[in-house]
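Notes for the structure review
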Amino acid sequence: MNFSTLLHDRLRLPVVASPMFIVSGPDLVIAQCTAGIVGSFPSLNARPQAMLREWLTRITEALAKHDADHPEAPSAPYAVNLIVHKSNDRLEEDLATIVEFQVPIVITSLGARTDVNDAVHSYGGIVLHDVVNNTFARKAIDKGADGLIAVAAGAGGHAGTQSPFALIQEIREWFDGPLLLSGSIAHGRSILAAQAAGADLAYVGSAFIATEEANANARYKQMIVDSTAADIVYSNLFTGVHGNYLRNSIKAAGLDPDNLAVSDPSAMDFGTDENNGGSAAKTKAKPWRDIWGAGHGVGSVVAVEPVADVVQRLSHEYANAKVSLQRRGWSQTETG
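From a predicted model like this one, the values you see are computed outputs, not experimental measurements.

For the rest of this paragraph, the subject is the pairing of strand β4 (residues 105–109). Among the five residues that make up β4, five are buried, leaving the element largely enclosed by the rest of the structure. Here β4 shows a buried face lined by Ile-105, Ile-107 and Ser-109 and a second buried face lined by Val-106 and Thr-108. Sheet analysis places strand β3 (residues 78–83) next to β4, joined by five bridges and oriented parallel. Counterpart to Asn-81 in the pairing with β4 is Ile-107. Each parallel crossover has a hand, and the one from β3 via helix α4 (residues 91–101) to β4 is right-handed. Bridge count between β4 and strand β5 (residues 126–131): four bridges; the pairing is parallel. Within the sheet, the bridge partner assigned to Ile-107 lies in β5 and is Leu-128. This β-α-β element, β4 to helix α5 (residues 114–121) to β5, shows right-handed connectivity.

Next up on the list: the confidence of the model for the chain. For the chain, mean pLDDT is 92; residues scoring 70 or higher make up 92% of the total. Within the model, the stretch residues 274–282 combines pLDDT values under 50 with 18 contacts to residues more than four positions away or in other chains.

Before going further, it helps to spend a moment on the sheet that holds strand β11 (residues 243–246). The strand order β7-β11-β10 describes an open sheet built from three strands, whose pairing is antiparallel. At either margin of the open sheet sits one strand with a lone partner, and together these are β7 (157–158) and β10 (232–235).

Below, the discussion takes up the packing of helix α3 (residues 51–69) against α4. Their axes nearest at 10 Å, the elements α3 and α4 cross at an angle of 25°. In terms of orientation, α3 and α4 fall into the roughly parallel class. Considering the relative orientation of α3 and α4, their crossing is right-handed. For the pair α3 and α4, contact is made by Leu-52, Arg-53, Leu-56 and Thr-57 and by Asp-94, Thr-97, Glu-100 and Phe-101, respectively.

For the rest of this paragraph, the subject is the pattern of salt bridges. In this structure the tally under the stated criterion is ten salt bridges. A salt bridge links Asp-27 to Arg-58; the shortest N-O distance between them is 2.2 Å. Taken together, the positions of Asp-27 in helix α2 (residues 26–35) and Arg-58 in helix α3 put the pair 31 residues apart, joining distant regions of the chain. When its relative accessible area of 43% is taken as the criterion, Arg-58 is described as partly exposed. Arg-113 is the partner of Glu-92 in a salt bridge, and the nearest nitrogen-oxygen pair spans 2.9 Å. Of the two residues, Glu-92 is situated in helix α4 and Arg-113 in the loop between β4 and α5; the sequence distance between them amounts to 21 residues. Residue Glu-92 is classed as partly exposed on the basis of its relative accessible area, which comes to 48%. Judged by relative accessible area, Arg-113 falls into the partly exposed class, the value being 31%. Bridged by salt links that share partners, the residues Glu-92, Arg-113 and Asp-115 form one connected network.

Along any regular strand, the residues point their side chains to alternate faces of the sheet. Side chains Leu-201 and Tyr-203 of strand β9 (residues 201–204) all project onto a buried face; the interleaved residues Ala-202 and Val-204 project onto the opposite face, where all are buried too. Note that strand β1 (residues 15–17) and β9 share three bridges and pair parallel. Note that in β9 the partner of Val-16 across the bridge is Tyr-203. In terms of strand pairing, strand β8 (residues 179–182) meets β9 through three bridges, oriented parallel. Bridge assignment links Leu-180 to a residue of β9, and that residue is Leu-201.

Overall, the coordinates contain four aromatic pairs when judged by the stated rule. Taking the centre distance of 5.4 Å and the plane angle of 65° together, the rings of Phe-41 and Trp-55 count as edge-to-face. Separated by 14 residues along the polypeptide, Phe-41 in strand β2 (residues 39–42) and Trp-55 in helix α3 bring together distant segments of the chain. Per residue, the accessibility class of Phe-41 equals that of Trp-55, and both read buried. The interplanar angle of 70° and the centroid separation of 5.1 Å between the aromatic rings of Phe-238 and Tyr-245 together place this pair among those described as edge-to-face. Judged by relative accessible area, which is 0%, Tyr-245 ranks as buried.

Further remarks concern unusual backbone geometry. Of note, the bond from Arg-47 into Pro-48 is cis; its omega dihedral lies within 30 degrees of zero at 0°. Note that Pro-48 resides in the loop between β2 and α3. Within the chain, Ile-22 stands out as a residue other than glycine whose phi angle is a positive 70°. Counting through the fold element by element, Ile-22 comes out in the loop between β1 and α2. The exposure class of Ile-22 is partly exposed, given its relative accessible area of 30%. Despite not being glycine, Ser-184 has its phi angle at roughly 70°, a positive value. Within the fold, Ser-184 resides in the loop between β8 and α8 (188–197). Since its relative accessible area comes to 28%, Ser-184 is described here as partly exposed.

Cut-off values and rules
Residues take numbers from 1 onward in each chain, read along the sequence in its written order. Only residues with pLDDT of at least 70 are given local features in this predicted model, and only at 80 or more are side-chain atom pairs given and counted; all residues enter the totals for whole chains, interfaces and linings. With hydrogens and water set aside, each side-chain value is computed from the structure's full complement of heavy atoms. Whether a residue is buried, partly exposed or exposed follows from its accessible area with a 1.4 Å probe, protein chains only, as a fraction of its type maximum: under 20%, in between, or over 50%, in that order. Numbering goes from the N terminus for both helices and strands, where a helix is a DSSP run of H or I of at least four residues and a strand is a run of E of at least two. In short, DSSP must find at least two bridges between two strands for them to pair. Clockwise travel from the first strand over the helix to the second, with the strands pointing away from the viewer, marks a crossover as right-handed. Confidence scores per residue from the predictor, reported as pLDDT, run from 0 to 100. What makes two residues a contact is simply this: any of their non-hydrogen atoms within 4.5 Å. Convention adopted: a line fitted to C-alpha atoms gives each axis, helices being fitted over their contacting stretch, and angles between N-to-C directions are expressed from 0 to 180 degrees. Oblique is the label for any angle not under 35 degrees, not over 145, and not in the 65 to 115 range, which are roughly parallel, roughly antiparallel and roughly perpendicular in turn. Less than a right angle of anticlockwise turn of the near helix away from the far helix marks a crossing as left-handed, whereas a clockwise turn marks it as right-handed. Any Lys or Arg side-chain nitrogen located within 4 Å of an Asp or Glu carboxyl oxygen qualifies as a salt bridge. Side-chain rings of Phe, Tyr and Trp (the six-membered ring for Trp) are treated as a pair once their centres are within 6.5 Å; stacked means planes under 30 degrees apart, edge-to-face means over 60, and tilted covers the remaining angles.

This is the structure we're talking about:
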């Protein structure tokens, strides 16, 4: 099955909700999918590993029930994120569980592996791979990924530094397959802008942290509401990979957000040992649990709401943006 066929008539908005460490769980995914966008979660959120089967059972049963009750508005498909990094000692077990449940969409991050892609393709699943530049994009497609997620400057959590316009343009020069854009997308007009720039879908994260269904600390949710782009700090201290974090969460951990140390990428550790954490261990603060990720788009989030209300707001903004663009558009005569 190709990506377009999988999503046909099942999306209310051209949006995939990004998988957020700790924050994304069954409640959030089910709410996102039934609201009409692709919901997702990182496999590592289900701890211990046996819980992954429980989560997938719950999600698939809930979505099947929704579809039976609402045949006129079926749920969107869901996705699971796999960290494809050598330190992830759960990768093989998680992949086996994903194949068992035939998860429709698998999002791979921090590495691309042909064997992982082949396993997902064995049952007809689709693989989307996170990339921060054109070089990684080419490698991912060469290794068998079906589509790409361009993680541009301003994205929450691990993020790149390139302008979304530059990144999308370079990828579209040679790739005409499924392409998503991540980075500061928390408003309906930004979803439309992502499509105008060349992406098929927008990849949205921070807007869903401040939702009732998100597995986030209440203080974290309120900090999202209270913050703007100026409150985001870009650092590689906490995981060994550069990412965007909320300034006030860094302060709360006893650190100076304007004078953070620089970490070695070898500090990356996605193992299941509770005492791991790479450079974060040196700070006595764990990324995602104590140091909270968020993107530059947080200024568009003004309240903690149910997922359905967020999707409704984004849908309304998206529709209004289309109308506004048409009203302000240049005529054929003006453009020559």
